[in-house]
Amino acid sequence: MFKQQYVALGALLLSQLMMPAHAAALMGFEDSAMLMTEIGRYNQEWMLNYSPALGHAIGVEQMRMSGKGEQATTISGINYTGLIKRWNLPLAQANVWFNGSVGEARGQYDGFAYTPSLQFDMESTRLYFLAKARMIRAPNMNYDTAAVQAGFSFYETGFNQTQPWFVIEAKTMRHNDPGLQITPALRLINKHYFLEFGVTNPWQGEGFAPRLNAMFVF
Amino acid sequence: MKKLLVTLMLSAMTPAAFAVTTIKAEVNGMVCAFCAKGIEKKLNALPQKQTVFVDLKSRVVALQLKDGQEVSNEAFSKVIQDAGYSVGKLERVNQTVEAIQAEVAKAEKAGSK
């Protein structure tokens, strides 16, 4: 437990040190569709959205998670993503996003579910930072989540090349086991895809779990 | 003498009349290929497009127009803005995209030394 707190503090400090950041768009460009997925031992999620206008995307989302000794709960819903504010700077970009779904929970908990979230991210061609808070609620269910990510690219690349990144994420989820998930990951980005391979809590034998995140824009 | 005059006039007019037109811009916020894909896709969809060049390091986006075709600076800027970015410096140059690409590569090479 002490070790977990120590690592979380380290990740948080690291994220604070890395000021500007990279690649966490929650939607594509105008008139594009985006597919996002996260496949891990503790949570699984996928979302498909369409952006009819810059800054707005609608779609469908499904997420699955479970608490300590609980049966898994799956939330299926309609999702909306909105760009609240964007700063386009000469060498960086920063965004504030709203994202949320309304739908139905099934499994350990049943009923109307809602998942509003706020995300701030900042990125340059070399550095990346993201902070996100999300409510994940249904009757008697609370899987609220908070996460910070920070990373750096190994080198700059051209528009048609693949850029590798090292990213570390610290994430907490209420009633989830383990409650604190630290995921170091290798991220590969080019103009066609965004792929991230990580291992959650790699030092914790019991909690060790590979994780895959992917995004595609059409 | 008449012939000479005509030749001189033609040679003076030709470069201007058939000059390559490329719109070249510095784009703010363009830091990731995955996110900037929209710029390339939207510019490639323009019927007036000859070639498109996007470079993350220098933040340069260049659109070379087909001979005799025209895209206004406003229309070009709107494409960039619709993709989620803002235009810094914008200019029209009589250079091909290939020449701009070589120029950018040279500058990057010099900068990395």
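Residues numbered from 1 in each chain as written. Chains lettered and ligands numbered in written order. Predicted model: local features only at pLDDT ≥ 70, side-chain atom pairs only at ≥ 80, totals over all residues.

What to know about helix 2 (residues 33-44) of chain B
Taking 1.5 Å of rise per residue, the twelve residues of helix 2 of chain B would be expected to cover 16 Å, and the 15 Å separating its terminal C-alpha atoms lies within 8% of that figure. All of the buried residues along helix 2 of chain B are B:Ala33, B:Phe34, B:Cys35, B:Ala36, B:Lys37, B:Gly38, B:Ile39 and B:Leu43. (Helix = DSSP H or I, 4+ residues; strand = E, 2+ residues; numbered from the N terminus. Expected span 1.5 Å × (residues − 1). Buried ≥ 20, exposed ≤ 12 C-beta atoms within 10 Å, placed from the backbone.)

Quick notes on the interface of chain B and chain A
Each partner contributes residues to the interface: chain B has 19 residues there, and chain A has 26 residues. Those elements that provide at least two residues to the side of chain B that touches chain A are helix 2, strand 2 (49-55) and strand 4 (86-93) of chain B. At five residues, helix 2 of chain B tops the list of elements feeding residues into the side of chain B that touches chain A. Residue classes in the side of chain B that touches chain A are distributed as nine nonpolar, six polar and four charged. (Contact = placed C-beta atoms within 7 Å. Nonpolar A, V, L, I, M, F, W, Y, C, P; charged D, E, K, R; others polar.)

Description of the pairing of strand 13 (residues 180-189) of chain A
Consecutive side chains along a regular strand alternate between the two faces of the sheet. All names here are of chain A. Bridge count between strand 12 (residues 163-173) and strand 13: ten bridges; the pairing is antiparallel. From the neighbouring strand, Glu-169 faces strand 13, where its bridge partner is Thr-183. Linking two consecutive strands that pair antiparallel, namely strand 12 and strand 13, is a turn of six residues; a positive phi of about 60° is found at His-175 within it. Across five bridges, strand 13 lies against strand 14 (residues 193-200) in antiparallel orientation. Bridged to Leu-186 within strand 14 is Phe-197. Count of turn residues in the strand 13/strand 14 antiparallel hairpin: three residues. (Pairing = 2+ DSSP bridges.)

Here we look at the sheet that holds strand 1 (residues 22-28) of chain B
Residues and elements named next belong to chain B. Spatial strand order, 2-3-1-4: four strands in an open sheet with antiparallel pairing. Each of the sheet's edge strands pairs with one partner strand only, and the pair in question is strand 2 and strand 4. With strand direction ignored, the average angle separating the axes of adjacent strands in the sheet is 15°. In this fold helix 2 packs onto strand 2 and strand 3 (60-65), with an angle of close to 170° to the strand it touches most, strand 2. Lying over the sheet, helix 3 (residues 73-82) contacts strand 1, strand 3 and strand 4, oriented at roughly 145° with respect to strand 4. (Axes fitted to C-alpha atoms, helices over the stretch in contact; angles between N-to-C directions.)

Observations regarding the nonpolar core
Among the nonpolar cores identified, the biggest contains 53 residues, and B:Ile39, B:Val61 and B:Ile80 are the most heavily contacted of them. Among the elements that make up this core, the one with the highest residue count is helix 2 of chain B (six residues). By size, the runner-up hydrophobic cluster in this structure holds eleven residues, among which are A:Ala105, A:Ala113, A:Tyr143 and A:Met173. (Core = buried A, V, L, I, M, F, W, Y, C linked by C-beta atoms within 7 Å.)

Topic: the environment of A:Ala94
Residues and elements named next belong to chain A. On the secondary structure map, Ala-94 appears in strand 5 (residues 93-107). What makes Ala-94 partly exposed here is the crowd of 18 C-beta atoms within 10 Å. Leaving out residues up to four positions away in the same chain, Ala-94 has contacts with Trp-87, Asp-121 and Met-122.

Digging into the confidence of the model for chain A
Overall, the predicted model of chain A reaches an average pLDDT of 84, with 88% of residues at or above 70. The model gives residues 1-23 of chain A a pLDDT under 50, and that stretch makes 52 contacts with residues more than four places away or in other chains. (pLDDT = per-residue confidence, 0-100.)

Examining unusual backbone geometry
Working note: non-glycine residues mostly have negative phi, and peptide bonds are mostly trans. Positive phi, close to 65°, is recorded for A:Asp31, a residue that is not glycine. The residue A:Asp31 is located in the loop between helix 1 (2-17) and strand 1 (32-40) in this model. Although it is not a glycine, B:Arg59 sits at a positive phi angle of roughly 65°. By secondary structure assignment, the location of B:Arg59 is in the loop between strand 2 and strand 3.

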